[in-house]
Amino acid sequence: MTHIYSYGTLRHPEVWSAVVRGRYRSLPAVLQGYAALRIRDADYPGLVRREGSQVKGLVYFDVSAADLRRLDRFECDEYLRIQVHCIDLNGDVWVAQTYLFNPECGKMLEDIPW
């Protein structure tokens, strides 16, 4: 099972439950060294590496392989799933996967926090 770190629209229960089928425990967490930026003409962010920045989100625990495939389809080619280390409010570090904005789509990003 894989933990998933979500920083954008998947943090919202109605979006998460529309994409995945399972029910997963989640905790607020922070991802350091990254920033969530606005995407031109979109209502969702793009995650990029950015030293000195951090992103608040949720870590979902033990996501099934079937739901990972659903998440991959939802995120399309605009995102690459990568492994990260996020920190919950208790200071515990979790190894999770998240969706980094695909650099090939970088022209769509605005240098404005989401």
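The model shown is predicted, which means the values in this text are computed figures rather than measured ones.

J.: Please clarify how the overall build of the protein chain should be interpreted in this entry.
T.: Regarding its fold elements, the protein chain presents two helices and six strands. The buried share of the protein chain, reckoned over its 114 residues, is 46%. A separation threshold of at least 6 residues defines the contact pool for the protein chain, and within that pool the share at least 24 residues apart is 70%. For the protein chain, the accessible area works out to roughly 6,700 Å², and carbon and sulfur atoms hold 49% of it.

J.: I would appreciate a short explanation of the packing of aromatic side chains in the present structure.
T.: When we look at a pair of aromatic rings, we describe it by the centre distance and by the angle of the planes. Taken as a whole and assessed by the stated rule, the structure comprises four aromatic pairs. Relative to Phe101, the ring of Tyr79 lies with its centre 5.5 Å away and its plane at 80°, an arrangement referred to as edge-to-face. Placement of Tyr79 in strand S4 (residues 79–88) and of Phe101 in strand S5 (residues 93–101) is noted, with a sequence separation of 22 residues between them. For Tyr79, a relative accessible area of 7% corresponds to the buried category. For Phe101, a relative accessible area of 3% translates into the label buried. Connected via pairs of aromatic rings, a cluster forms that spans Trp16, Tyr24 and Tyr60. Note that Arg25 overlies the ring of Phe61, its terminal NZ or CZ placed 4.0 Å from the centroid.

J.: In this structure, what is going on with the nonpolar core? I would like to understand it.
T.: The tendency in soluble globular proteins is for nonpolar side chains to be buried as a group. In this structure, Tyr5, Tyr7, Trp16, Tyr34, Val63 and Leu71 are the most contacted members of the largest nonpolar core, which totals 35 residues. Those elements that provide at least two residues to this core are strand S1 (2–6), helix H1 (13–19), strand S2 (26–39), strand S3 (45–63), helix H2 (65–75), S4 and S5. Examining the composition of this core, we find that eight residues originate from one element, S3, more than from any other. Ignoring anything within four residues of it in the chain, the contact list for Tyr34 reads Leu47, Val48, Arg49, Arg50, Ser53, Gln54, Val55, Ile82, Val84 and Leu100.

J.: Would you explain the layout of surface pockets in this entry?
T.: Empty space among the atoms can be located by rolling a probe the size of a water molecule over them. One number sums up the size of the largest pocket: a volume of about 190 Å³. Surrounding the largest pocket, 15 residues form its lining, Thr9, Leu10, Phe74, Glu75 and Tyr79 being those nearest its centre. For the lining of the largest pocket, the secondary structure elements donating two or more residues are S1 and H2. Among the elements that take part in the lining of the largest pocket, S1 stands out by supplying three residues, more than any other. A per-class count over the lining of the largest pocket returns 10 nonpolar, three polar and two charged. By volume, the second largest pocket amounts to about 160 Å³.

J.: Any chance you could explain the pattern of salt bridges here in plain terms?
T.: For side chains of opposite charge, pairing can occur when their charged atoms come near one another. According to the stated counting rule, one finds five salt bridges in the structure shown. A salt bridge links Arg40 to Glu110, with the shortest nitrogen-to-oxygen separation between them at 3.8 Å. Of this pair, Arg40 sits in the loop between S2 and S3 while Glu110 sits in strand S6 (residues 109–113); the two residues are 70 residues apart in sequence, bridging distant segments of the chain. Under the relative-accessibility criterion, Glu110 is labelled buried at 18%. Within the structure, one salt-bridge network assembled from shared partners comprises Arg38, Arg40 and Glu110.

Definitions and cut-offs
- Residues numbered from 1 in each chain as written.
- Predicted model: local features only at pLDDT ≥ 70, side-chain atom pairs only at ≥ 80, totals over all residues.
- Heavy atoms only, no water.
- Helix = DSSP H or I, 4+ residues; strand = E, 2+ residues; numbered from the N terminus.
- Buried < 20%, exposed > 50% of the residue type's maximum accessible area, 1.4 Å probe, protein only.
- Contact = heavy atoms within 4.5 Å.
- Areas by Shrake-Rupley, 256 points an atom, 1.4 Å probe, with all protein chains shown as cover.
- Phe/Tyr/Trp six-rings, centres within 6.5 Å; stacked < 30°, edge-to-face > 60°.
- Lys NZ or Arg CZ within 6 Å of the ring centre and 35° of its normal.
- Core = buried A, V, L, I, M, F, W, Y, C linked by side-chain atoms within 4.5 Å.
- 1 Å grid on protein atoms, 1.4 Å probe; cavity = no way out; pocket = protein on both sides within 12 Å on 5 of 7 lines; lining within 4 Å.
- Points joined across faces, edges and corners; volume = space filled by probe spheres on them.
- Nonpolar A, V, L, I, M, F, W, Y, C, P; charged D, E, K, R; others polar.
- Salt bridge = Lys/Arg side-chain N within 4 Å of Asp/Glu carboxyl O.

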